[in-house]
Amino acid sequence: MAESVSEMESSNDEKHGVSDSFPAPCCEEGNNTPGAPESDQRHLTSLLEELGLDHHDREKLSLSTLLRIEEKTITDEPAKCNSDLPWYFLKKLMMVNVTARNVKCTPAPHESNRQDYTDDLDDLDFDDLDESTISGDKLNPLDIITALFLCSDGFVQQEMALKMSMCQFSVPLLLPNCDTKQCTLMLWAMRDIVKKYRPQSLSGFIEERIVVSELPMISFVRLGECSLSKSEILNKLLSNSQQNHDTFVHSYMEGGDSPRRISNGLVEMTWYLPCGNKNMDVFSEPVAVANLRGDIASFETQFSFLCHTSAAVFVFFDALDSECELLTNQNHKAQIFLVGNRQSKDFKLDAVKKVATKLRLNKSNILLKDKNMNDADFVKDLRERVSNKLENSKVKMGIEKMADVAHDLGIWVDEDASECQTARTNADAITSEIKDILEYKESELLQGQTWKQITRLEKEELQLKIGSENIEMYKSNLKLEKKELRKKQNSHGMSKAMTCFINAISIPGIQRCYFLKWMRMNLDNVSREKLFDLGEQYKEKCKNSDNKGIKEIEQQLSNSSLGTEHFFREMGQLYEASLSLPETDPARQKLQHLPKLCAELMLAGFPLELVDGEASNIPLRWVTDVLSQLNALLSPKNKILVVTVLGVQSTGKSTLLNTMFGVQFAVSSGRCTRGAFMLLIQINEDVRKDLNCDFMVIIDTEGLKSQELAQLDNSYEHDNELATLVVGLSDITIINIAMENSAEMKDILQIVVHAFLRMKEVKKKPKCQFVHQNVSDVSAPDKNLRDRKLLLEQLNEMTQAAAKMEKKEKYSSFTDVMEYSPDTGNCYIPGLWNGNPPMAPVNAGYSEAVYELKKNIIHILRSCGSSANNISEFTEWTKSLWTAVKHENFIFSFRNSLVADEYMKLCTQINKWEWDFKKEMYTWVTRAETRISNFGTAADKSNKSDMRELLMLKKREALTELLKGEEKLLGNLKQYFKETGGNVYLVEGYKQEFENSAKSLRGEMEGSVNNQLTAAARIREGRTELDNIQEKQTKELEGRVNALIAECRKTNVKMTEEELVKEFEKMWTKTVSELSSSEMKFEDIFNSVSHRLRANLSNKGSHVNSLLNQKSLDQYGGFPFKYTAEGLFKRLKGMFSSQSHTKAVQQTASESIIAACSQIVSEKKKKKSNYCDAYIEEILNMIDDKLLNNPDVGKDITFEVSLKLHICGDAAIRFQEMHEDFIRENDPHRRLNENKETFCSRFKDVFYNVDQCQKKAEEFTDRCLKPAVEDFVNRSLGPDIIGEMRTSETFSTGISFQYSLLLDLTSKDDFKEYQSFLCSYEKYVKEWILNKIVERFSNASTMFEDKHLQSCIRSINNAIQKVKTEKSDNVKSFVEVVCQELGDKLVIDQKALGAFNILNNANQEQFANRLTECVKEMEQPLTDQFKKANIQTKLQNLHVNPQNELFNTLIGCGKGCPFCGAPCEAGGTAHKEHFASIHRPDGLARRSWIKSGKLSIDICSSSVSSDNRFRCSASNDGWHPFKDYKEIHPDWTIKPDANLEASDYWKYVMAKYNEQLAEAFHLKPADIPAAWNEITPEQAEESLKESFHIK
């Protein structure tokens, strides 16, 4: 496009500059074709319809519509029809492209229109060459401009006029409406144009709004037809020999020769402004130039206006009427000049003389072009006449004053709108009071200094440079000081100016937009004056070498800026201060609407100050609340992408953004951007889907390396803060650099690379685009290749330097930090101006290059798969990034609510998948245990003859299941990161940890499953021998009973029941005495346990043996554990009182381990199996694991031995009881005698031939099936309860669990509860979980029991029906097959089954039918039984302990903070780093000061930002800086406090229970900081909520 533009311009130059004479006489440029009456042009409505603007005639085009990013604004698609032309023009104009007026349609080519230029000359039809190749429906650019001005609101008109002025296009002064015959003075439209120039009569520059500049105006008009091109002559008149520009549209421009349809009557205006160089200036003094389109005979009002406002009016003509009443009757101030063309056939010299006489014109007022005068001579002559008039003219009038003339002539003035006038009155009421800017700021903007003090405090509270003062006391004092400053702010109240300001912007609709524009313009005017005066003083001081006053003036220059941002800044501080008042306070309520007000203004296109440019701080609460209101206004269409710019001061960053997006960031001379401003641009529907966002946020920042800050010690720190913030908030950052200044470039690159490196570490992925401005060398491609290579080298060098400073040496090149290609990541832009200002237009190359940059940025955002944040997420990033950068060293470990939310989501999913995995394995293990328990019985389906073979098979199957579960878990994790949108990238760093956790979980479960299978096998093996003895004895007895029956029947005497029983007793006594079985003896479990304990401690040294030999094991256990930590006492002796801390460590560790071991023993006893050595090995292994996780305790071998002796002694007592119970329960003689009554009853039934079907069916149901069903339900209920509890938010993740636990403690408001929590954490938490389970299931719901009961009954009925279809020899074989069918689900008690089979002669078919009925009858009693049982009873019978499982899942790794003991909340168990959301005063861990004996109040999350030191066993008792705690505890991440309110929960607890804590810990109460005593329960809970990121 740039090439075609240059070609077009050169062709125009050829036309205009080389031709010796004007073209042959023709109609004036853009005039109607001959014979077409002007009335035919006045069809505004039809033209607007043709241009697609008809609806904007009623609903005016607004800036928000104009600036919207849509497909046609970022593609090179040419205009295909007339309705595309206005948008094509606006698109280019908004980017200040001087080719904007070159508008034409480019219809798709058709075959019929194609010409073959390769034909021979013989075939050439010369008649065709004579036909016009230009279609008659082309539109004149002036019609398009006029239509757009008519269809736009005042703010679009103003923007168009400003951009046209920058392009050095003429702008409308009087805008006609051909339908109403009314024209409008465009005063408001030109109000924002500011021009800077240097008249040769002055030594300095003048800079002011053009509408108030009182300049002589020279007007050019046409009377009748004219063969001279007036507009082309004007262009030459205003151009010097070095610079030719088409200010006015003329007939030799693209579309300039098309008939004008609605723009006749248009008065255009431009200015010639000198630069002060005699060799370059066309006129030495400034002049305004007006140009009326059309014949003055048709537009007398416009002509009259020009005659009243101009110093001279040049009338172009071909033929004059000698009467010429139009010229002679005018009562005007302007001097008339007649300009004619003698070469015209209609020219009559006599008529000219007559008119000149009537007008009393002298020779200098008449300029006639004859055939001997070429173009250059004619323009030179005309220029002399204009110059002479300017020198002698006293008629000077600003556009503002022309409004009076317009009113007199009935011309409308755009500023007369009531909203505009009311807004102006309101703005003037404020700005008219400004006499001295500095004094005004102090008297009316009252919050500035106090806000700067608060800023200092906010930085101090994070950097904590405290010296010898206690850190928490210091923070408390800062908090109180901040509170006093807020009180001071509130005491100021609201100034009169601020009251007026807030009232004015509270008026809805267009009026507040007018008000803010008036305010900005008025304040710019005031600042400009002040800055001009100071600039003059500065020059004088520099001339006199008076260094003393220079610094003072420099400071004044820095402080003399005053804009609307100062009023909004004040408004934000008023709002923030009001939040420290009670919610019911009227002063607070009065200001609650301000954030919404500001959000509405953002939607209207006004920028929000993100970073306060004077205080270099973000008023976080104000900005947060404004953005929250904005989010509420836009939701759900609230997704944004962010584009920012960084670079050196005064390198055109704001201009770049303004050009790229058509926005209005302040670029006034002498007023550089301070801080950072954000602006909202809407994304159109056609682009929204590709970009996945609704709005684009543009952030303009102050320049890095600014001169104002260069003198300050912390200027580099300030630049780093700003760069890190905006890079962190951006999706793409534009970096302005200058290759010519190597030293400066290095500084900027280091700052930028620092920012990108930090974002890489916190998982943000911004893109960057390097922009090189003022690159215009024709050899740029070759040179730029070398520059890109140099830039990459510099970036790599800066990356290494930044990585070293940030202690992130893993990054050695820039591409390690982010995706960057030197070929696509750089953009080269030529200089802004094409020539020397003030008359230079914007360089077309600049606009085109910026347009290409814009397209590239959109392309990057489209292709990178960027997932846009919503405004709430952007707000969270703002808060957390700003907090992180305000620390002395950037805090990489921060976790804002977005990261926390995403982490919580991931943990929730992981926990769900892990639980699904565990639940599947619980189900599988239950089936496998059932199979093992049924081994060797009638229910055995394994076809294995050896238990070891079956066990190995099950272990192999278990491994297969576990590997499948692990694969599924890892697959889910992979899919989650692949498919989940939103902010999942923020937790990508945890992916490997969770993968490791999945593998670790599989390993843990493999061990657990194998242990369970082995235990089940051992139990079954232990029972097999007993079952075999019982079976052998039962068979023997059954044979004897059958023999007795046969013998009794032989007597043929009817025997009474008494006689039968007597015979049975004889037989029983004799048989039992004859049956031989070895007696089961009791074993010494203490000896076995002691042996295993010694083996466990065998490698611990000789000291251990002496400890073990002090007492026998049976002297331990059965009483509370007591231990004096002598070794630990000596090691920790130092700053803190070690004795109390040792007790805390001892108590917490021992109670936790003892409770866990006791739980294992209880679970073993519940199974009523015999003791085996694997049980004590399991306990000893668990103790070792627990001690390994607690290094302080684990290193004290005496403690370890004492603890193990106590636990093993206690376990041995209980295992001995369990063993003896098992022996007693399973003694063969005892079991045999238990069945005596059964044998006797069956003996009688068989003897009397009684039908046993009924009795046998009931017996099998009650003694075999019913207990098996109950057992199945108990084995299945545990996972069900766990699953149900996990549906609650409280039990979803470890973080939610900790939050709920602490919140519940607050609600109880009981010191004993806190004491139990702090001193017996595991015990307390497990009891808390148990209480929650009881609470959840206290409604006697049997939903899960019913489900499993129904499942069992279905299985039993299916088994019966299946076996009924098969032939069985007898009931015994029938029952055995049924048992086998149920062998995967139910464990049938072999003792009960054996009793059932005694003398069983029931009819199989009748038994089967009756059994079906009995099973049906069994359902209701079991249902009733489940309903009657309370949850506590149910929990005692479960095979899987819900509270233990929930505890282990939610507590995770179980590690505690090495300083305060706060539990780790990281998900999974294999994470590399531990973290806690909230840390505690270490006095709660019983730490105290050794000298005073008082509880300590230090909090590690404060200490890590301070210069405090610590020592511990891990540091070999040497002092170590808290800031470098990771060198000692690399696996812990302790996030520094984000504000003074962090840890308020525990501060509140410590302050409230200080006395009770001291008494419980046998220490003295702490010195509580004053601010802690002021924390309310509500504030404590709010702090808890914020710490855990709970919404």
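Predicted model, so just to flag it, every value in this text is computed and none were measured.

S.K.: If you had to explain the overall build of the protein to someone new, which residues and values would you point to?
M.R.: When you go through the protein residue by residue, the secondary structure sums to 62 helices and 23 strands. Counting only residues that meet the buried cut, the protein has 56% of its 1591 residues in that class. In the protein, the share of contacts with a sequence separation of at least 24, taken over all contacts with a separation of at least 6, comes to 78%. Taken as a whole, the protein presents about 69200 Å² of accessible surface, with 48% of it coming from carbon and sulfur.

S.K.: Explain the side chain of Glu458 residue by residue, including any values.
M.R.: The topology assignment puts Glu458 in helix H17 (residues 448-463). The exposure class of Glu458 is buried, given its relative accessible area of 11%. Not counting residues within four places of it along the chain, the set of residues in contact with Glu458 comprises Trp451, Lys482, Asn617 and Lys886.

S.K.: Lay out the pattern of salt bridges in plain terms, naming residues and giving numbers.
M.R.: One pass over the full model with this rule turns up 77 salt bridges. Notably, a salt bridge pairs Glu1006 with Arg1002, separated by 2.9 Å at the nearest N-O pair. Of this pair, Glu1006 and Arg1002 both sit in helix H37 (residues 991-1050), 4 residues apart, roughly one helical turn. The exposure class assigned to Glu1006 is partly exposed, which follows from its relative accessible area of 22%. Between Lys1186 and Glu1322 there is a salt bridge, with its nearest N and O atoms 3.5 Å apart. Note that Lys1186 is positioned in helix H43 (residues 1173-1188) and Glu1322 in helix H51 (residues 1321-1336), a separation of 136 residues in sequence. The structure contains a network of salt bridges with shared partners spanning Arg191, Glu400, Glu415, Arg424 and Asp428.

S.K.: Hey, could you go over a negative patch on the surface for me, with residue numbers and the actual values?
M.R.: Judged by side-chain charge, Glu1541, Glu1578, Glu1581, Glu1582 and Glu1586 come together as a negatively charged surface patch. Tracing the sequence through the fold places Glu1581 in helix H62 (residues 1577-1587). Residue Glu1581 is classed as partly exposed on the basis of its relative accessible area, which comes to 33%.

S.K.: Could you give me a rundown of helix H48 (residues 1253-1286), with the residues and numbers involved?
M.R.: Its 34 residues place the ends of H48 47 Å apart at the C-alpha level, agreeing with the 50 Å of an ideal helix rising 1.5 Å per residue. Of all 34 residues in H48, 25 are buried; the element is thus mostly enclosed.

S.K.: I'd like to hear about the packing of helix H49 (residues 1294-1308) against H62, residue by residue, with values.
M.R.: Where H49 meets H62, the axes come as close as 11 Å, and the angle between the chain directions of the two elements is 175°. In terms of orientation, H49 and H62 fall into the roughly antiparallel class. Along the contact surface, H49 presents Tyr1299, Leu1302, Leu1303 and Thr1306, while H62 presents Glu1581, Leu1584 and Lys1585. Considering only residue class, the contact of H49 with H62 consists of 4 nonpolar, 1 polar and 2 charged.

S.K.: Account for the nonpolar core, with residues named and values stated.
M.R.: By size, the foremost hydrophobic cluster in this structure holds 263 residues, and its most contacted members are Leu185, Trp271, Leu327, Phe501 and Phe567. The next biggest cluster of nonpolar side chains, apart from the first, holds 109 residues, and it includes Leu973, Met1285, Ile1499 and Tyr1525.

S.K.: With reference to specific residues and values, describe the sheet that holds strand S5 (residues 217-223).
M.R.: Across the sheet, which stays open at both edges, the 9 strands sit in the order S10-S9-S8-S5-S7-S6-S1-S2-S11 with mixed pairing between neighbours. Of all the strands in the sheet, the pair left with one neighbour each is strand S10 (366-369) and strand S11 (412-413). This element, helix H10 (residues 300-309), spans strand S1 (171-177), strand S2 (182-185), S5, strand S6 (267-272), strand S7 (287-295) and strand S8 (312-317) of the sheet and lies at about 150° to S5.

S.K.: So what's going on with unusual backbone geometry? Which residues, and what values?
M.R.: The omega angle of the peptide bond from Ser635 to Pro636 is 10°, so this bond is cis rather than trans. Along the chain, Pro636 turns up in the loop between helix H25 (620-634) and strand S13 (639-647). Between Pro837 and Pro838 the backbone carries a cis peptide bond, its omega angle lying at 10°. By the element assignment, Pro838 lies in the loop between strand S18 (826-829) and helix H33 (844-863). In this structure, Gln168 takes a positive phi of about 60° despite not being glycine. For Gln168, the position within the fold is in the loop between helix H7 (154-166) and S1. At Arg1486, a residue that is not glycine, the phi angle is positive and equals roughly 70°. By the element assignment, Arg1486 lies in the loop between strand S20 (1474-1475) and helix H58 (1500-1503).

Parameters at a glance
- Within every chain, residues take consecutive numbers counted from 1 along the sequence as written.
- Only residues with pLDDT of 70 or above have their local features reported here, since the model is predicted, and side-chain atom pairs are shown and tallied only from 80 upward, although totals for entire chains, interfaces and linings are computed over all residues.
- Note that the side-chain values use all heavy atoms of the structure and ignore hydrogens as well as water.
- Under the DSSP-based scheme used, a helix requires at least four consecutive residues in state H or I and a strand at least two consecutive residues in state E, with every element numbered from the N terminus.
- The classification of residues rests on relative accessible area computed with a 1.4 Å probe and restricted to protein chains. Under 20% of the type maximum is buried, over 50% is exposed, and intermediate values are partly exposed.
- Contacts were defined at the residue level, with two residues in contact if any of their heavy atoms lie within 4.5 Å.
- Areas reported as accessible are Shrake-Rupley estimates using a 1.4 Å probe. Residue values count occlusion only from the protein chains shown.
- Here, a salt bridge means any Lys or Arg side-chain nitrogen found within 4 Å of an Asp or Glu carboxyl oxygen.
- Any residue with relative accessible area above 30% and no salt bridge may belong to a patch, with like charges joined within 9 Å and the nonpolar Val, Leu, Ile, Met, Phe, Trp and Tyr side chains within 5 Å.
- Neither His nor the chain ends is counted toward charge; the positive residues are Lys and Arg and the negative residues Asp and Glu.
- To locate a charge, take atom NZ for lysine, CZ for arginine, CG for aspartate or CD for glutamate.
- An expected span of 1.5 Å times one less than the residue number is assigned to each helix.
- Fitting a line to C-alpha atoms yields each axis, with helices limited to the stretch in contact; the angle taken between N-to-C directions then spans 0 to 180 degrees.
- Any angle that is under 35 degrees is reported as roughly parallel, and any over 145 degrees as roughly antiparallel; angles of 65 to 115 degrees are reported as roughly perpendicular and all others as oblique.
- Basically, the charged four are Asp, Glu, Lys and Arg, the nonpolar ten are Ala, Val, Leu, Ile, Met, Phe, Trp, Tyr, Cys and Pro, and anything else, Gly included, counts as polar.
- What makes a nonpolar core is a set of buried Ala, Val, Leu, Ile, Met, Phe, Trp, Tyr and Cys residues whose side-chain atoms join them at distances within 4.5 Å.
- Each pair of strands is called paired provided DSSP finds at least two bridges between the two strands.

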